[in-house]
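# Structure at a glance
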Amino acid sequence: MGGSHSREDMEIWDSDEEYEGEQEDEGEKFEDSRDDTPDKSSSLGRRRRPKSPSIDDVEAKLNALKLKYPSLNQAPSLNAVRLFRYINGNTPKAKWVTAEKLTAYSFVNTSKISVEEDDDDEEDEDGEKGWWVLKVGTNIREKVSEEMQLKAYKDQRRVDFVAKAVWAMKFPSIEDYTAFVSKYNDCLFENNHGVELNEANTAKIYGKDFIAWAKPEAADDSMWEDADDVLLKSPESATPLRETQDLTEAFEEAASDGIQSLALGALDNSFLVGDSGIQVFKNLRHGIQGKGVCVNFDAGYSQSARNLAQSTPKRALLMKAETNMLLMSPMNEAKPHSTGIHQLDIETGKIVSEWKFGKDGVDISMKDITNDSKGAQLDPSGSTFLGLDDNRLCRWDMRDRHGMVQNLATASAPVLNWAQGHQFSRGTNFQCFATTGDGSIVVGSLDGKIRLYSSNTMRQAKTAFPGLGSPVTHVDVTFDGKWIVGTTDTYLIVICSLFTDKDGKTKTGFSGRMGNRIAAPRLLKLRPLDAHLAGTSNKFRNAQFSWVTENGKQERHVVATVGKFSVIWNFQQVKNGSHECYQNKDGLKKCYCYKVVLRDESIVDSRFMNDKYAITGSPEAPLVIATPMKVSSFSLSSRR
């Protein structure tokens, strides 16, 4: 799993008999049978299995058998297809089998289903009507959504998708294939946005400056050819990058208690925040290694420490040259917002301050906090940080305006100084944010919009990218502000923020209006089989670029988690317009080439260490993966 291609992409196996439904289900043996990760931490190369016939070979074989059913090319009914199912998951026995040798598909709007049919058919999971549903023969009835993870193969007249299993449909002609894909996209747009797909609604959803997002074939992709990218400067830039990258596990250590978050340091140490305290790890060239030091929250230093122990922090932020850590705990499990923070002095292991969020004498809450800029945690004098709530974006200052030192034994928690920011009336529904090297801010929202703010003002976004129909749950940006990655439940969206102004100067969307010369985004997606094996309840989380804190250096990878998977994309490949994933494809460019690391339990976070820890011969600093009970470090090596 995780190579440039996988078996379900290239080949379809079939049987001479109808699929009986007796084969082993894809997901049942997955954890014990991933043949490309025998020890769950080995290098993740391509699958080495015997070559099997293509879908065209299978079709020719079936026709040669002269079985007593019409061939697909002589379809007796409208929307005829041949339906296959992928069985036995990621095991050596995995293969495609025929589910229905000849069947038909249809798109049905649930609002038009008769009362009698409603009695027999399930409602959609939200209990609402009016969704477009894909029906295929007697096997499939699935709401058209990104959760289907539909992947199209134009050259094979085929689409793969997830509907409680992994399926493939083969069409009799390219016209039939094109008609299906077009109708599917129409239904997906309507399900996502609640309106029919037409020019007027497209303009309303995306805005006149972002029509290229709806019509990527007309987009200006020249900005993706990043002038600073070594890959695209090379003579080989016209062909896809052919590179094998191996991930080798360097360290694995058990955690003392349930890990909740990972705080990587760029200097000497990194930290794991758990249920009862913080474990300290030493930063090394091959990863992080435990020092045997743990700071307990309930060590009796103060009432603040005991208060902190009653609610495990979910957010940890390093500050002051990584000698201090801000800890933020949610109000409760159902509400991620917090009314304040605790400040931990790492050198003494003591809680030295407890702060409340407030403005104009009123207590307020924050959903998230982050550093002023990508490298701000390295500043020994840093005393400010950024805060985000549903409708607030602000900068907090920990310096007491009256110059008084807090006495934790007697004083109530002081209120942080609101140094800068804006309270929006309503409707922004901010979810996440991140900063560039110069302190510009990118914010993701519930409606999928991604807004860019300069370092000077938080009142009005310089650029607001439209949503594609899915909430953005996490966002990151490169040090230079040129590239943004947003996380949704089912895909990652990568945006180029570069544009050319009226004077011919190249700028980013953080510094001015981009106008209408805006490149279309690119999507990073899982292949249908991998999405199915990850589990329907597991969503993409915390996509991040590799970590750069200096000008002139380029981020080389994107990493995200989904369930027990850590998924890694080569960012140079993503930017390369001639990459094989983008060839002969319609719509937004989608990259399906990635590496996967499988763990024994759901992953809390996976992040690359600071670029300074990249060793000679390695294209990247070590990757650190934290699960509730373990932390592992992987070294990435490459060879042509």
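The coordinates are above.
Residues numbered from 1 in each chain as written. Predicted model: local features only at pLDDT ≥ 70, side-chain atom pairs only at ≥ 80, totals over all residues. Heavy atoms only, no water.

### Here we look at the pairing of strand β34 (residues 557-562)
Filter applied, for reference: The buried label goes to any residue with under 20% of its type's maximum accessible area, the exposed label to any with over 50%, and the partly exposed label to all in between, with areas taken from a 1.4 Å probe on protein chains only. In this description a helix means any DSSP run of H or I spanning at least four residues, a strand means any run of E spanning at least two, and both kinds are numbered starting from the N terminus. Strands were regarded as paired on the criterion that DSSP finds at least two bridges between them.
The buried fraction of β34 amounts to 6 of the 6 residues, a majority that puts the element mostly inside the structure. Side-chain alternation along β34 places H557, V559 and T561 on one buried face and V558, A560 and V562 on a second face that is also buried. Where strand β33 (residues 541-545) meets β34, 3 bridges bridge the pair, whose relative direction is antiparallel. When the bridges of β34 are listed, Q544 appears paired with V559. With 6 bridges joining them, β34 and strand β35 (residues 565-570) adopt antiparallel strand pairing. Within β35, the position partnered with V559 by the bridge is I568. The hairpin formed by β34 and β35 contains 2 residues between the paired strands, and G563 there has a positive phi angle of roughly 65 degrees.

### As for the nonpolar core
To keep things clear, this is the line we draw: Residue types Ala, Val, Leu, Ile, Met, Phe, Trp, Tyr and Cys, when buried and joined through side-chain atoms within 4.5 Å, form a set referred to as a nonpolar core. Should any heavy atoms of two residues lie within 4.5 Å, those residues are counted as being in contact.
The biggest cluster of nonpolar side chains holds 40 residues, and the ones touching the most others in it are L492, L524, V558, F565, V567, W569 and C591. No other element matches helix α9 (residues 528-534), which puts 4 residues into this core. Other than its neighbours up to four places away in sequence, L492 contacts V485, G486, T487, R522, L523, L524, F540, A543, V558, A560 and W569. Formed by 27 residues, the second largest nonpolar core is a distinct cluster that contains Y206, F465, V477 and M514.

### Some points on unusual backbone geometry
If you check the backbone angles, N79 has positive phi at about 60 degrees while not being a glycine. Along the chain, N79 falls in the loop between α2 (55-64) and β1 (80-87). Residue K320 is not a glycine yet carries a positive backbone phi of 50 degrees. With respect to the helices, strands and loops of the structure, K320 is situated in the loop between β13 (315-319) and β14 (324-328).

### Brief notes about the sheet that holds strand β3 (residues 132-136)
Put simply, the rule is: Structural elements are reduced to axes, namely lines fitted to C-alpha atoms, with helices fitted over the stretch in contact, and the angle between N-to-C directions of any two is expressed from 0 to 180 degrees.
An order of β4-β3-β2-β1-β7-β6-β5 is seen for the 7 strands of this open sheet, with the pairing classed as antiparallel. The strands lining the two open edges of the sheet, one partner per strand, are β4 (140-143) and β5 (151-153). The average undirected angle you get between the axes of adjacent strands in this sheet is 30 degrees. With respect to the sheet, helix α4 (residues 174-193) is in contact with β2 (95-109), β3, β4, β5, β6 (158-162) and β7 (166-170), its orientation differing from that of β2 by roughly 55 degrees.

### Regarding α4
Here is the rule we go by: An expected span of 1.5 Å times one less than the residue number is assigned to each helix.
When the terminal C-alpha atoms of α4 are compared, their 29 Å separation across 20 residues agrees well with the 28 Å that a helix rising 1.5 Å per residue should span. Every buried residue of α4 is listed here: Y177, F180, V181, Y184, C187, L188, F189 and N191.

### Observations regarding the sheet that holds strand β28 (residues 483-487)
Pairing is mixed across the open sheet formed by 5 strands, whose spatial order is β27-β28-β29-β32-β36. The outermost strands of the open sheet, each flanked by one partner alone, are β27 (474-477) and β36 (590-591). Of the strand pairs in this sheet, β28 and strand β29 (residues 492-496) are connected by 5 bridges, and their pairing is antiparallel. From the neighbouring strand, T487 faces β29, where its bridge partner is L492.

### Focus on the packing of aromatic side chains
As a reminder of what qualifies: Side-chain rings of Phe, Tyr and Trp, where Trp is taken by its six-membered ring, are said to pair if the distance between their centres is within 6.5 Å; with planes under 30 degrees apart they count as stacked, over 60 as edge-to-face, and otherwise as tilted. Charges are assigned to positions over rings by a cutoff of 6 Å between ring centre and Lys NZ or Arg CZ, combined with an angular limit of 35 degrees from the ring normal.
Per the counting criterion, the structure on display carries 19 aromatic pairs. Note on Y105 and F180: the rings are 5.0 Å apart at their centroids and 90 degrees apart in plane angle, and the pair reads as edge-to-face. Here F180 lies in helix α4 and Y105 lies in strand β2, a separation of 75 residues in the sequence. Summarising the burial analysis for this pair, Y105 and F180 share the class buried. Taking 5.1 Å as the distance between ring centres and 40 degrees as the angle between the ring planes, the aromatic pair formed by W224 and W483 counts as tilted. Here W224 is found in the loop between α6 (211-214) and α7 (230-233), whereas its partner W483 is found in strand β28, with 259 residues between them in sequence. Here W224 matches W483 in class, with each residue buried. Grouping aromatic residues by their ring pairs yields a cluster made of Y105, F107, F171, Y177, F180 and Y184. The residue whose ring lies beneath R158 is Y153, and the NZ or CZ to ring-centre distance is 4.4 Å. Here the guanidinium or amino end of K359 rests over the ring plane of W418, the centre of that ring lying 5.1 Å away.

No statement about biological role is implied by the geometric values presented.
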